[in-house]
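Now for the letters of each chain:
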Amino acid sequence: GENVEQHPSTLSVQEGDSAVIKCTYSDSASNYFPWYKQELGKGPQLIIDIRSNVGEKKDQRIAVTLNKTAKHFSLHITETQPEDSAVYFCAATPYNNNDMRFGAGTRLTVKP
Amino acid sequence: NAGVTQTPKFQVLKTGQSMTLQCAQDMNHNSMYWYRQDPGMGLRLIYYSASEGTTDKGEVPNGYNVSRLNKREFSLRLESAAPSQTSVYFCASSPRGTGGDTQYFGPGTRLTVL
């Protein structure tokens, strides 16, 4: 089955700086790559996703890039704010597969 | 819409006891999922149901059973709880039955097995 690795496990940045979280996956059949944000005491919430037919997707301060050849994808957050502090998870799955695999998570802290 | 709801929020069991975690969604979604979340291990899929009447094993199904009662409800049962099942359990749903779709998560159930 799919195996997703996520780095770093913790990340601390100053407010206004950029943050980058990276994930690699093992199954070349995977073609759906979502990113979830989990705030303390809550369930994960989708913030952005990308499918294998595109290499980059942006939504305001958040962007995701995908390199299918190298089997890695990354989350980029620009102009970070304290409310961006949370745990972020990447995931990967083939389009027709309900068994989505998650990375271990990155705890992002944005210092005011 | 309430989205995905889970009950209870917290539960403490003794080893060997049984319990059922309840999940319901009001978004008319086809697929529903049960995950467990442990420190440093992310979310791991226990079971999923792609449609009413069907269930399939995920990555870590041992020690659990599920029931897709109807399109709205998907329950997770621990028949004989073990300390290794201490975890936070999340239910999720997604619109399609085929996967590769946005999943919407509930608030979680924190379970401790003594």
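Here, the structure is the one placed above.
Residues numbered from 1 in each chain as written. Chains lettered and ligands numbered in written order. Predicted model: local features only at pLDDT ≥ 70, side-chain atom pairs only at ≥ 80, totals over all residues. Heavy atoms only, no water.

### Remarks on the overall build of chain A
Piece 1. If you tally the helices and strands in chain A, you get 0 helices and 11 strands.
Piece 2. Along chain A, from the amino end to the carboxyl end, the secondary structure elements read β-β-β-β-β-β-β-β-β-β-β.
Piece 3. Here the C-alpha atoms of chain A give a radius of gyration of 13 Å, agreeing with the 13 Å that 2.2 N^0.38 yields for 112 residues.
Piece 4. If one aligns the C-alpha atoms of chain A with their principal axes, the spans along those axes are about 40 × 30 × 20 Å.
Piece 5. Going through the 112 residues of chain A one by one, you find that 46% of them count as buried.
Piece 6. Excluding contacts between residues fewer than 6 apart, the proportion of contacts in chain A whose partners are at least 24 apart in sequence is 54%. (Helix = DSSP H or I, 4+ residues; strand = E, 2+ residues; numbered from the N terminus. Rg over C-alpha atoms; globule rule 2.2 N^0.38 Å. Buried < 20%, exposed > 50% of the residue type's maximum accessible area, 1.4 Å probe, protein only. Contact = heavy atoms within 4.5 Å.)

### Considering the nonpolar core
Piece 1. The biggest cluster of nonpolar side chains holds 23 residues, and the ones touching the most others in it are Trp-35, Phe-73, Leu-75 and Leu-108 of chain A.
Piece 2. Broken down by secondary-structure element, the contributors of at least two residues to this core are strand E2 (10–14), strand E3 (19–25), strand E4 (32–38), strand E5 (45–51), strand E7 (62–67), strand E8 (72–77), strand E9 (86–92) and strand E11 (106–111) of chain A.
Piece 3. With residues near it in sequence (within four places) discarded, Leu-108 of chain A still touches Leu-11, Val-13, Ala-19, Ile-77, Asp-84, Ser-85, Ala-86 and Tyr-88 of chain A.
Piece 4. Val-4, Val-60, Phe-74 and Tyr-89 of chain B belong to the second largest nonpolar core, which has 20 residues in total. (Core = buried A, V, L, I, M, F, W, Y, C linked by side-chain atoms within 4.5 Å.)

### A few points about the interface of chain A and chain B
Piece 1. Contacts between the two partners involve 23 residues from chain A and, on the opposite side, 25 residues from chain B.
Piece 2. The junction of chain A with chain B conceals about 1700 Å² of combined surface from both sides, 51% of it contributed by carbon and sulfur atoms.
Piece 3. Where chain A touches chain B, the interface holds 1 salt bridge.
Piece 4. Taking the shortest distance from any N to any O, the salt bridge between Arg-101 of chain A and Glu-59 of chain B comes out at 3.7 Å.
Piece 5. The interface formed by chain A and chain B contains 3 residue pairs in polar contact (both at pLDDT 80 or more).
Piece 6. Mapped by element, the contributors of at least two residues to the side of chain A that touches chain B are E4, E5 and strand E10 (101–102) of chain A. (Buried area = accessible area lost by both parts, 1.4 Å probe. Salt bridge = Lys/Arg side-chain N within 4 Å of Asp/Glu carboxyl O. Polar contact = N/O pair within 3.5 Å; in protein donor to acceptor, adjacent residues only side chain to side chain.)

### What to know about the layout of surface pockets
Piece 1. In this structure, the largest pocket spans a volume of roughly 700 Å³.
Piece 2. As for the largest pocket, its lining consists of 28 residues, of which Gln-38, Leu-40 and Arg-107 of chain A together with Gln-37 and Arg-110 of chain B are closest to the centre.
Piece 3. If you list the elements that add at least two residues to the lining of the largest pocket, you get E9 and E11 of chain A together with strand E9 (87–94) and strand E11 (109–113) of chain B.
Piece 4. Broken down by element, the lining of the largest pocket gets its largest block of residues, 3 residues, from E9 of chain A.
Piece 5. Tallied by class, the residues present in the lining of the largest pocket amount to 10 nonpolar, 12 polar and 6 charged.
Piece 6. Elements with a contribution of two residues or more to the lining of the second largest pocket: E5 of chain A together with strand E10 (104–105) of chain B. (1 Å grid on protein atoms, 1.4 Å probe; cavity = no way out; pocket = protein on both sides within 12 Å on 5 of 7 lines; lining within 4 Å. Points joined across faces, edges and corners; volume = space filled by probe spheres on them. Nonpolar A, V, L, I, M, F, W, Y, C, P; charged D, E, K, R; others polar.)

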